[in-house]
Amino acid sequence: MPGLMQDWPLTLDKVLDHAARWHGDREVVTRLNEGPITRCTYADIHRRAKQFSHALLGHGIAREDRIATLAFNSARHLEAWYGIMGLGAVCHTLNPRLPVEQLAYIVNHAADRLILADALCTPILRQLLPRCPTIERVVLLADEAELPADFPAISYESWIAGRGSDCKWGDFPEDTAAGLCYTSGTTGDPKGVLYSHRSNYLHSLIALMPDVLGISGRDAVLAIVPMFHANAWGLAFAVPAIGAKFVLPGAKLDGASLFDLIETEGVTLSAGVPTVWQGLLQYLEKERKHPATLQRILTGGAACPESLARAYQERHGIEVRHAWGMTEMSPIGTVNVPPDLATPALRQGRVPFGIDMMLTDDAGRAVAHDGRTFGHLKVRGAAVARAYFRREAEDILDADGWFDTGDIATIDEAGALQITDRAKDVIKSGGEWISSIDIENAAVAHPKVALAAVIAIPHAKWGERPLLIVQPKAGEPVTAEELLAFLEGRIARWWMPEAVQFVEAIPLGATGKIDKKRLRAGLATN
Ligand code: ADP
């Protein structure tokens, strides 16, 4: 017997409708890639997103059509998302930092019909477009006057100008596809995660819970995590839904630029990967500055070194929430909310309502949640992928419906997750596993170390042993002996790196994480 409640499909048009109707004058601030700051409101975003929908309909865009965006965080990018999704078309975010061959693969696999891009990305488009026959039109997220003279594109502003703001949104089932995001191709070809309206809607409610992000309408939220990185971790939906001020930083994510934006816009809450927080911290320390309004930061995407969290918490009084997740999870999985952070090892935290997790051994049997036993981390939830786009025949869930994250982890008695490693990064030494993350965290606590990465090197007796690769802070030389002595007592003796290698710069991948694939390849060619 069905319940007798109203039919209210969980579709994302309702998010922006709500923001415009009930928080219409809240500000959305953008720092354009070119530098200037622009300001508008949720009411403006709503009106212009509707105009954009009209432009799409005029082009013949229909439900299920894929439209790519190649852009950093901005109000125009946000409008485009809602304009696309409101029609039941699919917004496919592309990461401008990916190699062009991968972008071409992704665009062709998705069969995108249009591409919306920042003017800054024109050099990428010049290489990409000749390889992407499905693209019918390029729209640059710019004014007419900013269009490059010799480039076949139209401007977003001229495309939406004069159109009505009455376009009808919604009116489709809540499980309609809304967004498409490919995981980086660290293992084989990139795979498309196809979010639905319902999954993003529910994920927004999860993100807003007090022990997740706990965003309030009084917050000013700076989304450093790009909209092309797993939906900006859901912020593009959660922040308008709660009616908080939204600050979008464009492409400039260095410490000085971020600090400036935090100060001028009174940012209270922000989210980004650990390398971004390292960059801001180095700036704060060098310039002896303090971000006065910033109360809370969310760090995720890679393990947060304890030294980093402590620096923000103890020196600046800023609460650090350490989150774990992945593109396939929309992406939030767990969050460590202080005072859990006081635990000696920096854990990734607990699952919120709406997500479930478990650990298994290699044979798929559940292992104990005792904080010591490593297992394969598996997840379930309404915002977790059940298949990849155009690979629907491949079963990615086990017999009980769990998705294997590819991570190795422990869960303690209190339910706190700790990621040991990605399964492919863990070092197998003499039949035991060594966590590369733990050694990295211990090494970056050294005051002269900017970044540290640990990878496995083959070893005749033990199978594999850890190699520590270090990028020292500028002008602060450090020796291998100094580092090994520093690690003594901080990690198990048999985890001691076999060798230490110094590099000028540790390579970062397209989402700002240490690129271990390149480190391994570099080692092979040495
Ligand atoms: P990719 O890194 O391939 O672009 P994702 O952004 O989806 O794709 O990465 C998800 C993975 O990142 C997780 O499976 C996990 O290995 C790693 N990760 C994310 N957050 C954390 C964290 N807080 N600590 C350790 N690892 C993390």
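Residues numbered from 1 in each chain as written. Predicted model: local features only at pLDDT ≥ 70, side-chain atom pairs only at ≥ 80, totals over all residues. Heavy atoms only, no water.

Draft legend 1. Fine view of the overall build of the chain. Secondary structure assignment for the chain yields 14 helices and 24 strands. For the chain, the C-alpha radius of gyration of 23 Å lies close to 24 Å, the compact-globule estimate for 526 residues. Over its C-alpha atoms, taken along the principal directions, the chain stretches across nearly 70 × 60 × 45 Å. Within the chain, the fraction of its 526 residues that count as buried is 57%. Of the contacts formed within the chain by residues at least 6 apart in sequence, a portion of 65% connects residues at least 24 apart. Working note: accessible area of the chain is about 21,800 Å², and carbon and sulfur atoms make up 53% of it. Each charge class in the chain can be summarised by its mean position, and for the 53 positive and 63 negative side chains these summaries are 1 Å apart. (Helix = DSSP H or I, 4+ residues; strand = E, 2+ residues; numbered from the N terminus. Rg over C-alpha atoms; globule rule 2.2 N^0.38 Å. Buried < 20%, exposed > 50% of the residue type's maximum accessible area, 1.4 Å probe, protein only. Contact = heavy atoms within 4.5 Å. Areas by Shrake-Rupley, 256 points an atom, 1.4 Å probe, with all protein chains shown as cover. Lys, Arg positive; Asp, Glu negative; His and termini not counted. Charge placed at Lys NZ, Arg CZ, Asp CG, Glu CD.)

Draft legend 2. Fine view of the sheet that holds strand β19 (residues 417–422). With antiparallel pairing, the four strands of this open sheet are ordered in space as β16-β17-β18-β19. Each edge of the sheet is formed by a strand with only one pairing partner; in this case those strands are β16 (355–360) and β19. Pairs of neighbouring strands in the sheet enclose a mean axial angle of 45 degrees, with direction left out of account. Direction of pairing for strand β18 (residues 403–411) relative to β19: antiparallel, over a ladder of five bridges. In the strand pairing of β19, aspartate 407 is matched with arginine 422. (Pairing = 2+ DSSP bridges. Axes fitted to C-alpha atoms, helices over the stretch in contact; angles between N-to-C directions.)

Draft legend 3. Region of interest: the sheet that holds strand β5 (residues 114–117). Across the sheet, which stays open at both edges, the seven strands sit in the order β7-β6-β5-β3-β4-β8-β9 with mixed pairing between neighbours. Each of the sheet's edge strands pairs with one partner strand only, and the pair in question is β7 (154–155) and β9 (192–196). Note that strand β6 (residues 137–140) and β7 share two bridges and pair parallel. Pairing of leucine 140 across the sheet is with serine 155, part of β7. Of the strands in this sheet, β3 (66–70), β4 (90–93), β5 and β8 (177–182) touch helix α3 (residues 75–85), which is tilted by about 145 degrees from β4.

Draft legend 4. Layout of the pattern of salt bridges. Inspection of the entire model under this criterion finds 28 salt bridges. Measuring nitrogen to oxygen at the nearest pair gives 2.8 Å for the salt bridge that ties aspartate 65 to arginine 113. Residue aspartate 65 is located in the loop between α2 (42–59) and β3, and its partner arginine 113 is located in the loop between α4 (100–110) and β5; the two are separated by 48 residues in the primary sequence. For the residue pair aspartate 65 and arginine 113, the accessibility class agrees, reading buried in each case. With its nearest N and O atoms 2.9 Å apart, the salt bridge here joins glutamate 265 to lysine 245. On the criterion of sequence distance, the pair formed by glutamate 265 in helix α9 (residues 255–265) and lysine 245 in strand β11 (residues 245–248) is long-range, its members being 20 residues apart. Taken as a pair, glutamate 265 and lysine 245 share a single burial class, namely buried. Each of Arg48, Arg76, Glu79, Asp143 and Glu157 takes part in one network of salt bridges that share partners. (Salt bridge = Lys/Arg side-chain N within 4 Å of Asp/Glu carboxyl O.)

Draft legend 5. Layout of the confidence of the model for the chain. Residues with a pLDDT of 70 or more make up 98% of the chain, whose mean pLDDT is 94. The least confident element of the chain, judged by mean pLDDT, is helix α14 (residues 516–525) at 80; the most confident is β11 at 99. (pLDDT = per-residue confidence, 0-100.)

Draft legend 6. Geometry of unusual backbone geometry. The peptide bond linking serine 330 to proline 331 adopts the cis configuration, its omega dihedral lying at 5 degrees. Along the chain, proline 331 falls in the loop between β14 (319–325) and β15 (332–336). Phi is positive for aspartate 171, which is not a glycine, with a value near 65 degrees. As for its placement among the helices and strands, aspartate 171 is situated in the loop between α6 (156–160) and β8. For aspartate 171, a relative accessible area of 59% gives the class exposed.

Draft legend 7. Molecular detail of the site of the ligand. The environment of the ligand is formed by 17 residues, the closest being Ser184, Ala323, Thr327, Asp407 and Lys513. For the shell around the ligand, the elements supplying multiple residues, two or more each, are β14 and β19. Take the shell around the ligand: its biggest share by element is four residues, from β14. (Near = heavy atom within 4 Å.)

Draft legend 8. Inspection of the nonpolar core at higher detail. Formed by 113 residues in total, the largest nonpolar core has its most connected members in Phe52, Leu56, Ile215, Leu235, Phe246 and Tyr312. Examining the composition of this core, we find that seven residues originate from one element, α3, more than from any other. Those residues in contact with phenylalanine 52, other than ones at most four positions away along the chain, are Glu79, Ala80, Gly83, Ile84, Leu116, Tyr156, Trp159 and Ile160. Core analysis: the second largest hydrophobic core is formed by 31 residues, Leu70, Leu125, Val138 and Leu180 among them. (Core = buried A, V, L, I, M, F, W, Y, C linked by side-chain atoms within 4.5 Å.)

Draft legend 9. Structural context of the side chain of histidine 77. Mapped onto the fold, histidine 77 is located in helix α3. Polar contacts involving the side chain of histidine 77 include one to the side chain of threonine 69, which spans 2.9 Å. Apart from residues lying up to four places away in sequence, histidine 77 is in contact with Thr69, Ala71, Phe72, Leu141 and Met227. (Polar contact = N/O pair within 3.5 Å; in protein donor to acceptor, adjacent residues only side chain to side chain.)

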